[in-house]
Every structure is written in C-alpha cells, then in structure tokens.
Amino acid sequence: MKLDIPIKDSFRESRVFSSRLTITVIGIAILSLLLLARLVYLQIVSYGHYETLSQKNRINSLPLPPVRGLILDRNGVVLAQNFPVYTLEITPELAGDMESLITDISRLIEISAGDLERFNKQRKKRPKFEPQVLRTHLSDAEAARIAVKRPFMPGVELQVRLQRHYPLGTLGIHTLGYVGRISEDDQRTIDTSRYRGTQYIGKLGIEKSYESILLGRVGIERNEVNAYGRKLREVSRIAPVAGKNLYLNIDTRLQALAENALAEKRGAVVAIEPSTGAVLTFASVPTYDPNQFVNGIDQASYKSLLDNIDKPLINRALNGQYAPGSTIKPFLGLAGLALGKITTTTEVNCKGWYSLPGSRHRFRDWKKTGHGITNLKKAITESCDVYFYTLATKLGIELMTQALAPFGFGRKTGIDLALESKGLLPTQEWKDARKEPWYAGETVIFGIGQGPILVTPLQLATATAMIANNGVRMQPILRFASENPVTHKINRFTPKVRNRLPDFVLPYLPAIQEAMVNVVHGKKGTGRRIGWNAKYKIAGKTGTSQVKGIKQNEVYNRDLTPERFRDHALFIAYAPADDPKIAVAVIVENGEHGSSAAAPIARKLMDEYLLGNAS
Amino acid sequence: MPTSLTTLQRWNLDKPLGTALLMLAIISLGVIFSASGQDVSITVAQLVRLGIGFAVLFLAAQIHPDTLARWTPYIYLGGLVLLVIVLLTGVIGKGAQRWLNLGLFSIQPSEIMKLAVPMMVAWYFSQQHLPATSKQAIIAAGIILLPAALVAVQPDLGTALMIASSGAFVLFLAGMGWTLIAGILILIAASAPLVWSYFLHDYQRNRILTLFDPTADPLGTGYHTIQSMIAVGSGGIFGKGWLESSQARLDFLPESSTDFIFAVFAEEFGLFGIIILFSIFIFATGRGIIIATYAQETYTRLLAGSLALTFFLYFFVNIGMVTGILPVVGVPLPIISYGGSSVVTLMAGFGMLMSIHANRKIAQP
C-alpha cells in the first residue's frame with residue numbers, strides 16, 4: 001500500500017544508485033578505450049610521421065656555401081675572385097612598412113634609383129622570408145652608420161658577403177662571362193640542393209661553362225635548435241668543399257693588347273696555339289663591365305647596353321658571323337691542288353674581270369687593271385680574284401663545300417663556351433632548305449669568300465691554326481688547368497686532336513704555307529706592310545668582307561659609303577712560319593682593308609707573344 | 001568496531017588509494033624534473049605542494065562524513081561569497097580574475113567550488129526522497145549553475161565546466177529521470193549555437209575550431225595541439241627515455257610542466273609507459289567507485305561517486321586535449337601537472353573519500 005507521506009526508500013535508492021554507477025563504469029571503460037585508441041594511432045600508426053616532425057623541429061640544417069673557385073689566366077693573373085663586401089640586406093617579412101624603412105636608410109647611406117629598382121624587382125620575385133640585397137659595397141663609414149641604427153630597423157641586416165669580383169673590369173668579359181643571382185629560370189634547370197646557401201650562378205662565358213668545377217660542394221651544419229631558433233649545439237658538420245680554381249689558356253697581356261688595339265672600333269681577335277688548340281686571346285670589342293651584372297643590373301644600364309649601336313653584349317669572336325672574303329683563298333687553293341683541278345704552275349690571265357661562258361656579267365677583280373699571268377702563289381700573294389673565280393668554277397660548289405668542312409667551317413668548333421655560332425657553309429641541306437635555286441654566279445663569288453658563306457673569328461683562327469699545324473686541327477680550348485685550392489694539385493687539360501686533313505691533301509700544304517709567307521714577306525704581298533721589319537717569318541692572308549653589295553656598274557666609293565656599310569677588314573696569320581707558335585684571326589668591322597686595319601693588330605700580338613714586347 | 005586496527009586504519013587511510021596516489025606523485029616529480037629542464041627548484045616546489053596535498057588529504061580523512069555534511073551548506077555559501085568577491089576585487093592573473101589574495105596566501109575560490117558543488121548537491125539530495133524528481137533536479141541544477149556561471153564569467157570556462165560536471169554527476173547518480181536527462185541534453189545541443197555566438201570569446205571559438213584542423217593556424221591557436229601531438233607521436237611504443245623529451249627540452253611544447261605534461265610523459269615513456277599510467281589512474285578511479293558502492297548513506301555515496309567520476313573526467317579531458325581530440329581547455333592532469341591549488345583540492349577530495357570509506361556503515365543484510 002502506498003503511503004501519502006513519502007518516506008526514504010533506501011532499498012530503491014540504493015538500487016537506482018547501483019544501476020547509475022554501473023552506467024558510469026561502462027562510460028569510463030568506453031572513454032578509456034577511446035583515449036587508448038587515439039594514443040595507438042599517434043604512437044604506432046603515425047609514429048614515423050611525428051618522429052620526422054620531431055626531428056625537423058629539433059634539427060636545423062644550415063647550408064655552408066662553398067667558396068667559388070678563382071679564374072686565372074695562364075700566367076696566374078687573377079681574372080675573377082671573391083671579395084668580401086658589406087651588403088645591406090632586408091628581409092621583407094620582418095621589415096613592416098618598406099617605404100618608410102627605405103626612406104630611413106637613404107638618410108644614412110646613398111641608395112641609387114638603380115639599387116632601389118633592382119631591390120624591388122628581386123623583392124617581388126623572391127619569397128618574403130628571404131633577405132634581399134638593397135646596397136652592396138658599403139664603405140666602413142656607411143656600414144658603421146647602419147650598424148648603429150640597425151636595432152631600430154627590423155628586418156635590416158648588415159652582412160659581409162663574398163662577392164664575385166672581376167678585378168680587370170671589362171677585360172676578357174666575352175671569355176669570362178659573369179655570375180649573377182640565381183633566377184627562377186635557373187631554379188628549374190639546376191640541382192637546387194647543390195645551391196643551398198649560394199646566391200650566385202655562372203650566367204655566361206667560362207663562369208657558365210665551368211660552373212660545376214667552380215661551384216664546389218655545399219657543406220651542411222646540423223644544429224640542435226630550440227623553439228626560438230637559437231642554436232644550442234652542433235650535431236654534425238660537413239665542411240663545404242671550395243670550388244676548383246680554373247686556369248685559362250688566355251694570356252692577359254695579349255688579351256689586353258688585342259682589346260686596346262680594337263678600342264673605339266668593333267671587331268674580334270682570336271689567337272690560338274696551333275699545336276695544342278690553346279686559345280691565347282679571345283677578344284670581342286666593344287666590351288662591358290661584368291661587375292655590374294653580379295647583383296643584377298638596373299634597367300637603365302641594361303637598356304643602354306642593349307640599345308648601344310655597337311652591340312657590346314654580342315660576343316663577336318664566338319657569335320659574329322662574317323663573310324671570310326679573301327682569307328678563304330688559301331683553303332680553296334689547297335682544295336684545287338689536292339683535287340687535281342690545278343697545279344702550282346697552272347696559270348690564269350687576269351685582265352681585271354671574269355665572266356662565265358655565255359654571260360656578259362663581269363665579276364671584277366679588286367685590281368681594275370688585272371694581275372696579268374697569275375699562278376697560285378701569285379694569286380694568293382696578291383690576292384687575285386680572277387684566279388679564284390676561275391678555280392671556283394672548276395671546283396664547283398659541292399667540292400668547295402666538302403673541302404672547307406674539314407677546317408671546321410659551317411659547324412661549331414666545340415670551344416668550351418656555350419651558345420657558339422656555327423657560321424654557314426652552303427651544304428646540300430642548306431640549299432634544299434633555301435627556297436631559291438643555286439645560281440652559277442654564287443659559285444663564282446664563293447671563290448673569293450663572298451655569297452652564302454659565313455665564318456666566325458674563332459672558326460677562322462682554328463682553320464688557320466690547322467694550316468700552321470700541318471693539317472692537324474686541335475680542339476680550341478680556353479681551359480688550361482684546374483687547381484685544387486687546398487692541396488694546390490694541378491690537373492692539366494690534355495690537348496685533343498679534333499680532326500686531320502686526309503693524307504692525300506698533306507703533300508700540297510707546303511705550297512699554300514709558302515704562298516702565305518709570301519703574302520707578308522713577298523715584294524708584292526698584300527700584307528707586306530707588317531712583314532718588312534719582322535724578326536721572324538709570318539704566314540698570313542688579308543681579306544675584305546663586303547657589308548653592302550656593289551651593283552654591276554657601281555664603283556665602291558669610300559667617301560659616299562656610311563661607316564657602318566664599309567667593308568670589314570680581315571687578317572689571318574701564323575708565326576713563326578717554320579715553327580708556328582701562334583695563329584691569329586683578326587676582324588675589324590668596317591675597317592675596310594685587311595692589310596691596314598687588321599694585319600697590324602695581328603703583328604702586335606705575335607710580337608708580344610714571340611718576342612715579349614709590343615712594337 | 002574491529003579489535004585490531006592497523007596504523008593506516010586508525011588514521012582512516014585507505015591503502016590501495018593511497019598507494020595509487022603516491023605512485024602518481026612520484027611520476028609527477030620525475031616528469032616535472034624532466035619537463036622543467038631538470039630544474040631542481042621547480043621539482044622541489046612540486047614536492048612541497050604534493051606534501052601539502054597529502055597533509056590536506058590526511059586532515060580531510062579525519063573529518064567524519066556527518067560533520068562534513070553539516071558543514072556543507074556553509075562551505076557552499078562561503079564559496080559563493082568568495083566567488084562574488086573575486087569577481088569584484090580579484091587580482092588580475094593571466095588575464096582572468098581567479099585569485100583572491102588573503103594576505104598570507106592567495107586562493108582560487110573556484111577550486112573550493114570543485115568540491116563544494118558536489119557536496120552541496122549531495123547534501124541537498126540527502127534531505128530529499130530519491131530518486132530525484134524533476135522539481136528536485138531543477139533546484140539541484142540551480143545549485144550547480146549559479147557557481148558555475150560565476151566561474152565562467154571570470155572567465156574560466158574549463159573550470160566552470162568541470163564544476164558543473166561534478167554537480168551533474170551527483171544529479172545523475174541520484175537517479176534523475178532519463179526523460180529529464182534527455183531534455184537537458186537536447187537543451188544543451190539547442191543552445192550550443194547561441195553559446196557559440198554570444199558567450200564564447202574569440203580565443204575559445206578558435207580553440208574549438210583548431211580541434212578540427214590544427215594545421216589551419218600552425219603558429220597560432222593550432223601550435224599547442226600540433227606540438228603536443230608531435231611529442232606524443234614521436235614517443236612511439238617505448239618512448240625516448242626519461243629526460244629525453246626534445247619537444248619539452250627545446251621549448252617547442254608550451255605549458256610542458258602544467259597542462260601539457262602528459263605530452264612529455266608520452267614522449268619519454270611511449271605507449272608502454274602510458275598503459276602503466278592509465279592503469280594507475282583507472283585503478284584510483286575504480287577504488288573511488290568501490291568506496292561509493294560501500295557507502296550506505298545518500299550523502300556519502302553520492303559525494304564519493306561524484307569525486308571518483310570527476311577525477312576520471314579531469315584525466316580524460318586533459319589527455320583528450322593533449323592528444324588533440326578535445327579543445328584546449330585549461331585542465332591540468334590530476335596530481336601529475338605542476339600547480340598548487342588543484343593538487344590541494346584533489347587531495348582534499350581523496351581525503352573525503354577515505355573518510356567516507358573508513359566511516360562506512362556495515363552493509364545491511
């Protein structure tokens with residue numbers, strides 16, 4: 001029976017309590033298992049993941065960039081070195097208001113518009129946490145002024161950085177090239193792990209070709225750091241390996257001589273040691289200062305270089321492609337002899353012009369009155385055009401092209417510089433690709449190195465060296481040796497034979513060599529003005545490369561031709577003639593006459609190299 | 001009364017529970033020594049606190065449950081008054097007003113409430129007929145929510161929730177009707193969006209959001225969780241060994257001696273050590289539940305049950321937080337974490353449990 005007044009029902013209360021307690025025990029079991037499952041997930045299933053993260057937290061790898069190898073000339077003159085400079089760097093992420101920060105800095109030190117533009121360009125391209133250079137080459141006084149204020153300028157760092165420096169400035173720029181900051185394009189092609197901590201990469205020239213030798217190997221310092229990035233202790237250290245020093249075959253004296261001789265002009269000089277292929281001089285003028293490219297050139301300076309009518313950025317020795325003019329004659333003469341189309345006694349009567357049978361078109365000789373009865377030696381000595389028009393017609397274009405190929409014309413010489421031009425030989429493929437048919441007249445003028453034939457100064461020098469070296473063409477090379485900067489162990493580069501003239505050609509070489517000596521030392525030689533007082537025998541050949549075609553009844557009038565349409569002056573030579581030590585090719589753009597503009601430069605170089613003093 | 005009493009029994013001390021607590025205390029000292037970067041002074045400070053804690057436990061064990069029941073309303077009311085005072089004049093500590101300076105020492109009134117609320121609810125039900133009716137439940141809810149609200153506005157949401165939970169455990173054990181339970185759960189669920197929008201601070205909202213994707217803000221709100229998960233995960237099965245927690249030693253793990261101390265333990269001792277630690281915690285909880293089942297009076301059994309469950313809840317919430325399954329709320333790991341008031345409160349609770357057990361009535365046939 002139910003009571004109206006509720007009394008404490010202990011039994012029921014106890015039962016309810018027990019059942020509720022049972023429920024909570026089940027709840028505790030479930031929640032404990034949940035935690036355990038979570039811990040199993042974290043500590044067993046995801047162990048590897050968290051272990052890696054823990055290591056990454058703990059260990060900070062600091063790249064130790066290697067010191068880039070030096071570049072020196074064959075005599076040990078330093079061409080590229082590393083120079084400690086104060087640089088002012090700003091980390092955009094830490095800097096806050098960049099405008100006002102730069103205003104503050106420019107009150108302390110001079111910041112040029114170029115500096116600022118370069119900085120802003122880099123800042124937009126690079127991640128915000130990466131420090132960017134605002135100014136380099138701070139003086140001690142400037143560095144001190146920044147150092148005092150730096151605590152009040154977040155994100156500003158004063159660093160002493162090793163910077164690439166080219167102590168000789170513009171000298172040899174077209175050989176050396178330069179380093180520059182690693183660009184996004186570079187990032188895609190390089191093994192970025194090798195460049196950790198390195199900001200520069202070879203962009204051009206030797207700096208680019210031998211990047212892998214010069215770069216060295218990055219070291220790594222692994223430090224245990226705390227959560228604030230403070231280094232607590234060094235865990236391990238792999239020291240960086242400095243890049244190898246690179247000795248070039250270039251002789252700075254000759255290089256300077258060549259560049260000075262071409263000063264205020266445009267042109268190229270290449271000198272090669274015939275027996276080894278060592279490139280002694282590789283000059284292209286005008287030059288420019290590579291140092292301005294190291295930290296990224298500002299827009300205005302770059303534009304002025306690009307827009308310069310003299311095109312200083314073009315490497316004329318490597319990429320300048322010129323009609324060889326009469327310098328091709330010794331090579332064609334050799335072809336005529338070797339292929340039996342002429343002998344050394346074959347004579348042509350030069351009346352000052354040449355016509356193809358059944359044509360009234362006159363191919364003129366440079367000498368209006370003609371050379372008279374002319375054999376091969378005379379034709380080369382006096383550079384008779386009619387003789388070579390006749391020879392060209394006899395040989396035909398296919399044979400001439402085939403005969404020139406072994407000298408390296410029409411293809412890359414394989415010098416240790418990137419982006420070499422290969423010139424032009426009118427091969428069958430080239431003719432097929434050309435929409436026009438081959439004209440007989442083209443064969444004729446081919447005989448004097450005009451028409452569809454283009455050579456680079458480097459090719460011309462290499463081919464000359466091949467004649468000098470009795471038909472053995474050595475691989476032209478700039479690298480002389482590499483040196484381990486620690487052990488000073490020198491690893492010399494072994495000269496390589498590129499190719500040889502076929503045996504049946506070799507007996508005819510002396511006749512050509514003799515004719516080339518006669519060019520310089522003969523009474524009527526076109527190069528006689530450099531030969532009369534020489535202390536050694538020189539073999540050479542002058543040339544003139546037409547810039548502007550002269551019409552049939554037109555006379556080349558120097559005074560009416562603007563400077564840049566005047567002929568290019570060419571000269572090839574080697575010396576001493578009986579034991580060749582140096583082969584040279586000189587091209588002076590719009591220099592007109594090989595004998596007056598180009599040959600004296602070659603003579604200066606040879607004097608300096610063979611006698612040790614410039615005359 | 002049994003004729004022969006051991007020393008422990010004479011002083012109302014419970015051997016199994018005491019053993020578990022001592023083991024936890026030893027573990028605490030070891031881990032704090034490691035987490036503090038082998039700082040002896042911090043370890044000694046914790047030793048002193050644990051000493052005080054055990055002293056409080058001893059004293060609490062000497063109070064007869066009937067006396068405790070008589071004091072309960074006054075303790076509760078006193079605690080409420082202190083909470084109001086702390087709100088009005090509280091010293092600002094860690095951006096929240098929690099501490100009350102009493103001259104010689106500071107106290108956290110919210111710590112008192114952790115015990116006073118379940119005591120008060122248990123006392124209230126001991127005056128009523130059970131199981132609890134709806135009307136009783138509403139009155140009990142008032143007893144719980146008033147101090148919880150005062151703590152929540154300090155703001156100390158974590159403690160407020162823990163206080164509310166300890167009261168709710170009493171309510172649940174008292175036999176509150178299932179329909180009422182369901183109704184309250186629905187009410188909580190329904191009010192969640194409201195609470196989210198109007199009552200939570202931004203940092204609290206962020207902490208909850210972080211739970212779902214700690215990587216969304218790795219250096220901000222998610223930092224604690226990410227770093228503690230790295231610590232726990234990299235511990236693996238056997239751990240890196242004592243004093244080898246790189247996460248704590250290198251300061252990657254924030255609050256490594258206090259709220260996140262479990263991460264240090266997990267990193268150093270691995271899953272193997274964790275299973276041992278869990279066993280001790282669950283054993284202590286279980287012992288509390290057993291004590292509750294032996295207790296024959298409404299007040300003692302409700303209070304004992306609630307104390308045991310609250311102890312487990314702290315454990316669960318703290319480890320859930322450290323392992324990234326619960327939001328980061330400032331709940332320490334009982335006994336192990338470095339910190340004063342919570343150890344004292346906890347030990348007082350265990351003292352009460354022991355007193356309850358020692359003074360239990362002989363089971364009815």
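Bear in mind the structure is a predicted one, so any value in this text is a computation, not a measurement.

Undergrad: Can you walk me through the overall build of chain B in this structure?
TA: Scanning chain B from N- to C-terminus turns up 14 helices and 3 strands. The buried share of chain B, reckoned over its 365 residues, is 54%. Pairs at least 24 residues apart make up 72% of the contacts formed inside chain B by residues separated by at least 6 positions. A total accessible area of about 15800 Å² is found for chain B, and carbon and sulfur atoms account for 70% of it.

Undergrad: Is there a simple way to think about the pattern of salt bridges in this case?
TA: Pairs can form between side chains of opposite charge whenever their charged atoms are close. Residues and elements named next belong to chain A. Scanning the entire structure with this criterion turns up 26 salt bridges over all chains. The shortest N-O distance in the salt bridge between Asp186 and Lys203 comes to 2.5 Å. Pair noted here: Asp186 is in helix α8 (residues 184-189) and Lys203 is in the loop between β7 (200-202) and α9 (205-209), with a separation of 17 residues, a long-range link.

Undergrad: What is the right way to look at the environment of A:Arg473 in this model?
TA: Residue and element names in this part refer to chain A. Considering the arrangement of structural elements, one finds Arg473 in strand β17 (residues 472-474). In this structure, the C-alpha to C-alpha distance between Arg473 and Arg194, residues 279 residues apart in sequence, is 37 Å. Beyond its immediate sequence surroundings of up to four residues, Arg473 is in contact with Pro406, Phe407, Gly408, Thr462, Met466, Lys496, Val497, Arg498 and Asn499.

Undergrad: How do you make sense of the domain arrangement of chain A when you look at a structure like this?
TA: How big an interface is tends to be expressed through the accessible area that disappears when the partners come together. Residue and element names in this part refer to chain A. You can read the domains of chain A as domain 1 (47-77 + 168-248), domain 2 (84-167) and domain 3 (252-287 + 320-611). Computed from C-alpha atoms alone, the centre-to-centre distance between domain 1 and domain 2 is 22 Å. Contacts between domain 1 and domain 2 engage 19 residues on the former and 11 residues on the latter. Carbon and sulfur atoms supply 43% of the area buried between domain 1 and domain 2, which totals about 1100 Å² over both sides. Three residues, Leu168, Arg181 and Glu184, lead the burial of domain 1 against domain 2; their summed loss comes to 36% of the area buried on that side. Joining domain 1 to domain 2, the criterion identifies 1 salt bridge. Ionic pairing is found between Glu207 and Arg164, a salt bridge with its closest N-O pair at 2.8 Å. Linking domain 1 to domain 2 there are 8 residue pairs in polar contact (both at pLDDT 80 or more).

Undergrad: Would you mind showing me how to read unusual backbone geometry here?
TA: For residues that are not glycine, phi is negative in most cases, and the peptide bond is trans in most cases. All names here are of chain A. Following Val285, the chain continues into Pro286 via a peptide bond in cis, with omega recorded as 5 degrees. Omega for the peptide link from Ala575 to Pro576 comes to -15 degrees, which places this bond in the cis form. Locating Pro576 in the fold gives a position in the loop between β22 (568-575) and β23 (582-588). Positive phi is not limited to glycine here, since His137 has a value of about 55 degrees. By the secondary structure assignment, His137 is in strand β4 (residues 132-138). Judged by relative accessible area, His137 falls into the partly exposed class, the value being 44%. With phi around 55 degrees, Asn590 is a residue other than glycine that occupies positive phi space. With respect to the helices, strands and loops of the structure, Asn590 is situated in the loop between β23 and α21 (594-611).

Undergrad: Is there a simple way to think about the interface of chain B and chain A in this case?
TA: Counting residues at the interface gives 54 residues for chain B, matched by 38 residues for chain A. Buried area between chain B and chain A, summed over both chains or domains, comes out near 4000 Å², and the portion from carbon and sulfur atoms is 70%. When the buried surface of chain B facing chain A is broken down by residue, B:His129, B:Leu250 and B:Arg301 rank first, second and third, together holding 14% of it. At the boundary of chain B with chain A, the tally comes to 0 salt bridges. On inspection of chain B and its partner chain A, the count reaches 7 residue pairs in polar contact (both at pLDDT 80 or more). When contributions to the side of chain B that touches chain A are tallied by element, the ones reaching two or more residues are α5 (109-126), α7 (157-173), α8 (178-199), α10 (222-235), α11 (246-249), α12 (261-294) and α13 (298-322) of chain B. If you tally residues by element for the side of chain B that touches chain A, the top one is α12(B), at 12 residues.

Undergrad: Please clarify how the environment of B:Phe169 should be interpreted in this entry.
TA: All names here are of chain B. Tracing the sequence through the fold places Phe169 in helix α7. Residues Phe169 and Val121, 48 residues apart in the sequence, show an inter-C-alpha distance of 9.7 Å. Those residues in contact with Phe169 that lie beyond four places of it in its chain are Ser306, Leu309, Thr310 and Leu313.

Undergrad: Which parts of the structure should I look at to understand a nonpolar patch on the surface?
TA: A grouping of A:Val40, A:Tyr41, A:Ile44, A:Val45, B:Ile237, B:Phe238, B:Phe272 and B:Ile276 is seen on the molecular surface, where their side chains present a nonpolar patch of about 780 Å² in accessible area. Elements supplying a minimum of two residues to the nonpolar patch: α1 (10-45) of chain A together with α12 of chain B. You can see B:Phe272 is positioned in helix α12. Under the relative-accessibility criterion, B:Phe272 is labelled exposed at 52%.

Undergrad: Any chance you could explain the side chain of B:Ser355 here in plain terms?
TA: Residue and element names in this part refer to chain B. Following the sequence through the fold, Ser355 ends up in helix α14 (residues 341-358). Under the relative-accessibility criterion, Ser355 is labelled buried at 1%. Those residues in contact with Ser355, other than ones at most four positions away along the chain, are Asn12, Ala60, Ala61, Ile63, His64 and Pro65.

Undergrad: Please clarify how the pairing of strand β18 (residues 479-483) of chain A should be interpreted in this entry.
TA: Looking down a regular strand, the side chains alternate between one sheet face and the other. All names here are of chain A. Of all 5 residues in β18, 4 are buried, a share of seventy percent or more. Where strand β10 (residues 245-248) lies against β18, 4 bridges are found, and the strand directions are antiparallel. In the sheet register, Leu248 faces β18, and the bridge partner there is Arg479. Note: β18 against strand β19 (residues 490-492), 3 bridges, orientation antiparallel. Residue pairing across strands places Ser482 opposite Asn491, the latter belonging to β19. Between β18 and β19, which pair antiparallel one after the other, the connecting turn spans 6 residues, and His488 there sits at a positive phi close to 60 degrees.

Here is what the cut-offs are and how they apply
- Here the residue numbers are simple positions, counted from 1 along each chain's written sequence.
- Chain letters and ligand numbers both follow the written order, the letters beginning at A and the numbers at 1.
- Residues qualify for local features only when their pLDDT is at least 70, as the model is predicted, and side-chain atom pairs are given and counted only at 80 or more; totals for whole chains, interfaces and linings, by contrast, use all residues.
- Note: side-chain values were computed over all heavy atoms of the structure, leaving out hydrogens and water.
- Secondary structure elements are defined from DSSP: runs of H or I of at least 4 residues count as helices, runs of E of at least 2 residues count as strands, and each element is numbered from the N terminus.
- Any residue under 20% of the maximum accessible area for its type is buried, any over 50% is exposed, and the rest in between are partly exposed; the area is computed with a 1.4 Å probe on protein chains only.
- Whether two residues touch is decided by their heavy atoms; if any such pair falls within 4.5 Å, the residues are in contact.
- Note on areas: Shrake-Rupley with a 1.4 Å probe; residue coverage comes only from the protein chains shown.
- Any Lys or Arg side-chain nitrogen found within 4 Å of a carboxyl oxygen on Asp or Glu counts as a salt bridge.
- Source of the domain bounds: an automatic or database domain assignment.
- When two parts are put together, the accessible area they lose, computed with a 1.4 Å probe and summed over both, is reported as buried area.
- Each polar contact in these results corresponds to two N or O atoms within 3.5 Å; when the atoms are within protein, one needs to be able to donate a hydrogen and the other to accept it, and residues that are neighboring in sequence are counted only if both atoms are side-chain atoms.
- Distance thresholds for patches are 9 Å for like charges and 5 Å for nonpolar side chains (Val, Leu, Ile, Met, Phe, Trp, Tyr), applied to residues having over 30% relative accessible area and no salt bridge.
- Pairing between two strands is assigned when DSSP locates at least 2 bridges connecting them.

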